[in-house]
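Residue-level structural notes
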Amino acid sequence: MNILVANDDGIQSQGIHELVKALAVEAGAEVYVFAPDGQRSAVSHAISLRGSVEMRPADFPHAKAAFALTGTPADCVAVGCHVMKEMGVQPHMVFSGINHGSNVGTDTIYSGTVGAAMEGSIQGYPSVAVSVDSHSAEHFEYACRLAVDTIRKTGGSWDTDTMININTPNLPAEEIKGVRYTVIGEREYSNDIQLKETKGEVRTFVYGGEAVQYEGIPETFDVIAIQNGYASISPLHRDMTNEKAMELLDDWRIGK
């Protein structure tokens, strides 16, 4: 199986190296890496429509070939699919990650990791995003185990309109309670917009804050599963249509 691997933390990050090793060694896949040349977190599904993307070969253990790109995570997947075909290699699956930091709840909207996997879906390949719940992630074993198990159990045979979003706590594998199949929940942060400085009439703001801890909410939500020590697996669909709201449009009769 030929697998394209991208991420948003950059080609130098530990998470992508752990993932590529697991896919190549444990799953026996032929892995091709196309990753940003630096940090590109929280760029969502942005593409370099008004610019260009440079690509350079990179040394990468366990990869058949690897390249660092100046573009976004979605660029890496789009360009990577094109280049693999030029090389005479047919991609079978796309993996994005392992991200340092979870991508659950409404954070999935901002996530470059999820954006890269969504681009894989758009390109027509079964795609998986993998993340560990810490920006200082240390424990990748369980996330790698789930990535490999996804290949073994599915063979990449699902509707490519859907991508799989895997998140694990930043815990040793033996301390993770198990897996929950989840839907998207809410991800809120306390004091998320912070004033950095004021100079005259100019004020500078930064994003920050701590993730809100919830109580009394079932573990069928991805945010709660992670909070309670479980790994979360969610199917995400790129069709964002709110089918229930179609009836509201009939009631509102906008433009009619």
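Note that this is a predicted model, so its numbers are computed, not measured. (Residues numbered from 1 in each chain as written. Predicted model: local features only at pLDDT ≥ 70, side-chain atom pairs only at ≥ 80, totals over all residues. Heavy atoms only, no water.)

From N to C terminus, the chain includes seven helices and 13 strands. The C-alpha radius of gyration of the chain comes to 19 Å, within 12% of the 18 Å expected for a compact globule of 256 residues. Here the chain holds 256 residues, and the buried ones make up 48% of them. Excluding contacts between residues fewer than 6 apart, the proportion of contacts in the chain whose partners are at least 24 apart in sequence is 75%. On the chain, roughly 13300 Å² of surface is accessible, and the fraction owed to carbon and sulfur atoms is 50%. Computing the positive centroid from 19 side-chain charges and the negative centroid from 34, the chain places the two 3 Å apart. (Helix = DSSP H or I, 4+ residues; strand = E, 2+ residues; numbered from the N terminus. Rg over C-alpha atoms; globule rule 2.2 N^0.38 Å. Buried < 20%, exposed > 50% of the residue type's maximum accessible area, 1.4 Å probe, protein only. Contact = heavy atoms within 4.5 Å. Areas by Shrake-Rupley, 256 points an atom, 1.4 Å probe, with all protein chains shown as cover. Lys, Arg positive; Asp, Glu negative; His and termini not counted. Charge placed at Lys NZ, Arg CZ, Asp CG, Glu CD.)

Let's shift gears to the side chain of D75. Secondary-structure assignment places D75 in helix α2 (residues 73–86). Buried within the structure, D75 lacks any salt-bridge partner; R40 is the closest side chain of opposite charge, at an N-O distance of 7.3 Å. For D75, the residues in contact, after removing those within four places along its chain, are A46, I47, S48, V53 and G80. (Salt bridge = Lys/Arg side-chain N within 4 Å of Asp/Glu carboxyl O.)

A large share of strand β5 (residues 93–100) lies buried, amounting to eight of its eight residues. Two strands pair when backbone bridges link them, and strand β1 (residues 2–6) and β5 are joined in this way by four bridges, in the parallel orientation. The partner of I3 across the bridge, within β5, is M93. Where β5 lies against strand β6 (residues 127–132), five bridges are found, and the strand directions are parallel. In the sheet register, H100 faces β6, and the bridge partner there is V132. (Pairing = 2+ DSSP bridges.)

Right, let's get into the pattern of salt bridges. Opposite charge on two side chains permits them to pair, given that their charged atoms come into close proximity. Overall, the coordinates contain eight salt bridges when judged by the stated rule. For D107, the salt bridge identified is with R187, shortest N-O distance 3.9 Å. Of this pair, D107 sits in helix α3 (residues 107–110) while R187 sits in the loop between β8 (179–181) and β9 (189–190); the two residues are 80 residues apart in sequence, bridging distant segments of the chain. For R187, a relative accessible area of 11% corresponds to the buried category. For D161, the salt bridge goes to R238, with nearest N and O atoms at 3.1 Å. Taken together, the residues span a long stretch of sequence, with D161 in the loop between α5 (141–154) and β7 (162–168) and R238 in the loop between β13 (231–237) and α7 (245–252) at a distance of 77 residues. You can call D161 partly exposed: its relative accessible area is 28%.

As a further point, take the sheet that holds strand β2 (residues 30–36). Read from one edge of the open sheet, nine strands run β3-β4-β2-β1-β5-β6-β7-β13-β8, paired in mixed fashion. The open sheet terminates on both sides in strands that have one partner only, identified here as β3 (55–57) and β8. Looking at each pair of strands side by side, their axes are set apart by 20 degrees on average, direction ignored. Both β2 and strand β4 (residues 65–69) contribute to a ladder of five bridges, which runs parallel. The residue bridging V33 from the neighbouring strand is A66, located in β4. Here helix α1 (residues 14–26) sits on the sheet in contact with β1, β2 and β5, set at roughly 140 degrees to β5. Strands in contact with α5 are β1, β5, β6, β7, β8 and β13; relative to β7, the strand with the most contacts, it is inclined by about 155 degrees. (Axes fitted to C-alpha atoms, helices over the stretch in contact; angles between N-to-C directions.)

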